[in-house]
Amino acid sequence: MLMRHLDVFAELVRAPAALTVPGDIVAGASAAGWPYGVRAGGGLAAASVLLYWGGMALNDYADREVDAVERPGRPVPSGRVSPRAALATAAALTAAGLGTAAAAGGRRALGTALPLAATAWAYDLALKDTPLGAPAMAAARGLDVLLAAGPTGRRAAAPAAAAVAAHTGIVMALSRREAQGSSHALPEATLAATAALAAAVALAPGGRGGRHRAASAALLCLYGRTFGGAQFAAIRKPDARRLQGAVRAGILGVIPLQAALAGRAGATRAALPLLAALPLARRLSRKVSPT
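Thresholds applied
- Residues numbered from 1 in each chain as written.
- Predicted model: local features only at pLDDT ≥ 70, side-chain atom pairs only at ≥ 80, totals over all residues.
- Heavy atoms only, no water.
- Core = buried A, V, L, I, M, F, W, Y, C linked by side-chain atoms within 4.5 Å.
- Buried < 20%, exposed > 50% of the residue type's maximum accessible area, 1.4 Å probe, protein only.
- Helix = DSSP H or I, 4+ residues; strand = E, 2+ residues; numbered from the N terminus.
- Contact = heavy atoms within 4.5 Å.
- Axes fitted to C-alpha atoms, helices over the stretch in contact; angles between N-to-C directions.
- Left-handed = near helix turned anticlockwise from the far one by under 90°.
- Nonpolar A, V, L, I, M, F, W, Y, C, P; charged D, E, K, R; others polar.
- Salt bridge = Lys/Arg side-chain N within 4 Å of Asp/Glu carboxyl O.
- Phe/Tyr/Trp six-rings, centres within 6.5 Å; stacked < 30°, edge-to-face > 60°.
- pLDDT = per-residue confidence, 0-100.
- Expected span 1.5 Å × (residues − 1).
- Patch = residues over 30% accessible without salt bridge, like charges linked within 9 Å, V, L, I, M, F, W, Y side chains within 5 Å.
- Areas by Shrake-Rupley, 256 points an atom, 1.4 Å probe, with all protein chains shown as cover.
- Lys, Arg positive; Asp, Glu negative; His and termini not counted.
- Charge placed at Lys NZ, Arg CZ, Asp CG, Glu CD.

**Student:** Any chance you could explain the nonpolar core here in plain terms?
**Tutor:** If you look at the biggest cluster of nonpolar residues, it comprises 60 residues, and the most contacted ones within it are Trp53, Leu174, Leu197, Val201, Phe227, Leu257 and Leu261. Ranked by residues supplied to this core, first place goes to helix α10 (residues 240–264) with 13 residues. When residues no more than four places from it in sequence are discounted, the contact partners of Leu261 are Ala27, Ala160, Ala163, Val164 and Val201. In terms of nonpolar packing, the next biggest core, distinct from the first, is built from 17 residues, Leu44, Leu51, Ala101 and Ala109 among them.

**Student:** Sorry if this is basic, but what is going on with the packing of helix α6 (residues 133–146) against helix α7 (residues 150–175) here?
**Tutor:** How two helices pack is summed up by the angle between their axes together with the distance between the axes. Viewed as axis vectors pointing N to C, α6 and α7 meet at an angle of 145°, and their least axial separation amounts to 7 Å. Every pair of crossing elements has a handedness; the one defined by α6 and α7 is right-handed. Contact with α6, carried on its side by Ala134, Met137, Ala138, Arg141, Gly142, Val145 and Leu146, involves Gly150, Arg154, Ala157, Ala158, Ala160, Ala161, Val164, Ala165, Thr168, Gly169 and Met172 of α7 and no other residues of that element. Among the residues making up the contact of α6 with α7, the classes are represented as 12 nonpolar, four polar and two charged.

**Student:** How do you make sense of the pattern of salt bridges when you look at a structure like this?
**Tutor:** Oppositely charged side chains may form a pair once their charged atoms are brought near each other. Scanning all chains against the criterion turns up 11 salt bridges. Between Lys128 and Asp63 there is a salt bridge, with its nearest N and O atoms 2.7 Å apart. Of this pair, Lys128 sits in the loop between α5 (83–127) and α6 while Asp63 sits in the loop between α3 (38–62) and α4 (64–70), and the two are 65 residues apart along the sequence. Asp63 shares its class with Lys128; the two are buried. Its salt-bridge partner being Glu70, residue Arg71 comes within 3.6 Å of it at the nearest N-O pair. Residue class for Glu70 comes out partly exposed when judged on its relative accessible area of 38%. Linked by salt bridges that have partners in common, Arg14, Asp60, Asp67, Glu70, Arg71, Arg74 and Glu178 make up one network.

**Student:** Looking at this model, I keep getting lost on the packing of aromatic side chains. Mind explaining?
**Tutor:** Each pair of aromatic rings is reported with the distance of its centres and the angle of its planes. Under the counting rule described, the total for this entry stands at two aromatic pairs. When the ring of Phe9 is compared with that of Trp53, the centres are 5.8 Å apart and the planes differ by 85°; the resulting orientation is edge-to-face. You can see Phe9 sitting in helix α1 (residues 2–12) and its partner Trp53 sitting in helix α3, a full 44 residues away along the chain. Taking the centre distance of 6.4 Å and the plane angle of 50° together, the rings of Tyr223 and Phe227 count as tilted.

**Student:** Is there a simple way to explain the side chain of Asn59 in this structure?
**Tutor:** One can find Asn59 in helix α3. A relative accessible area of 10% means that Asn59 is categorised as buried. Excluding anything up to four places from it in sequence, Asn59 contacts Arg14, Arg74, Asp124 and Lys128.

**Student:** Help me out: how do you make sense of the environment of Thr20 in this one?
**Tutor:** Residue position: Thr20 is located in the loop between α1 and α2 (22–32). Excluding residues within four positions of it along the chain, Thr20 makes contact with Arg141, Ile251, Leu252, Val254, Ile255 and Gln258.

**Student:** Help me out: how do you make sense of the confidence of the model for the chain in this one?
**Tutor:** Atomic detail in the predicted coordinates should be set aside for any region of low pLDDT. Averaged over every residue, the pLDDT of the chain is 92; the share at 70 or more is 97%. For the chain, α1 is the element with the lowest average pLDDT, namely 77, and α5 is the one with the highest, namely 97.

**Student:** How should the environment of Thr226 be read in this particular structure?
**Tutor:** As for its position among the elements, Thr226 is in helix α9 (residues 209–236). Since its relative accessible area comes to 11%, Thr226 is described here as buried. As for Thr226 and Pro77, which are separated by 149 residues in sequence, their C-alpha atoms are 32 Å apart. The contact partners of Thr226, leaving out residues within four places of it in the chain, are Ala249, Gly253, Pro256, Leu278 and Arg282.

**Student:** I tried to follow helix α11 (residues 268–285) on my own but got confused; where do I start?
**Tutor:** An α-helical turn contains 3.6 residues, so any two residues separated by three or four positions project in the same direction. Helix length check: α11, at 18 residues, gives a terminal C-alpha distance of 26 Å against a target of 26 Å (1.5 Å per residue), a fit within 8%. Among the residues of α11, those classed as buried are Thr268, Ala271, Leu274, Ala277, Leu278, Ala281 and Ser285.

**Student:** I keep staring at unusual backbone geometry and nothing clicks. Help me out?
**Tutor:** Glycine aside, negative phi is the norm for most residues, and most peptide bonds take the trans geometry. Positive phi values are uncommon outside glycine, yet Arg14 reaches one of about 55°. For Arg14, the position within the fold is in the loop between α1 and α2. The phi dihedral of Trp34 is positive, around 50°, even though this residue is not glycine. The residue Trp34 is located in the loop between α2 and α3 in this model. Of the residues examined, Trp34 reaches a relative accessible area of 26% and is grouped as partly exposed.

**Student:** Explain a positive patch on the surface here, please?
**Tutor:** Together, Arg225, Arg282, Arg283, Arg286 and Lys287 make up a region of like positive charge exposed at the surface. Mapping Arg225 onto the fold places it in helix α9. The exposure class assigned to Arg225 is exposed, which follows from its relative accessible area of 71%.

Set out below in structure tokens:
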């Protein structure tokens, strides 16, 4: 009975996708010089995961009517989780995430966690199907990067936040058509945007020394292979299955991007555990979809 409940919970919150979230903290903290300290970084990563899970549960609550048509197997439309339980889970996880952020980084971290949570809730409940939907989701991931930067490190971490936000916007553009399929133009445009993003990160001024820049460049190549390869497959045949595959690759592909950003900031050692999460996330996503 317990295992069945855990399986349903994992599906509701897209548990494997949470492995893509701690990298936001690493990217932001390394760019800002770890203002809260390395130990506090673990607490902020936990807060980020809780907030992400809360947003996923809220997404299923908000999308229950659409999912009944397009994704009837999800926990809420299938009847395995009631709408009220999904909403309560979202609220509890969000509250836990805010409390964890406050415990790890005090009022300064809570000052970023609150607008992050508010943006996620606004996206799910009001903005998703409006022109502000994609910018709101991108802003939420950007704020997640800034969560570990502290008030004094936000300027230094802004390029990393912008890169993760831009990647999120690209994935969001693909996800708009993942249930129906699209023309070739959509994956062609997102692949071009992905290449431009990788080039912008590689060529941006600053960075810590040639060794770290070389490591970052190698990680950007992995990013391009992980996300770009799936988009290229969607260009060849942009049906729903391949677009869904590109979206999954985009969700997981943020990990090498985060590692590249951390490496560029001189935190190559901190980037290695992020890379270790990538094959694990891939394996788990075969059991529980990250989308």
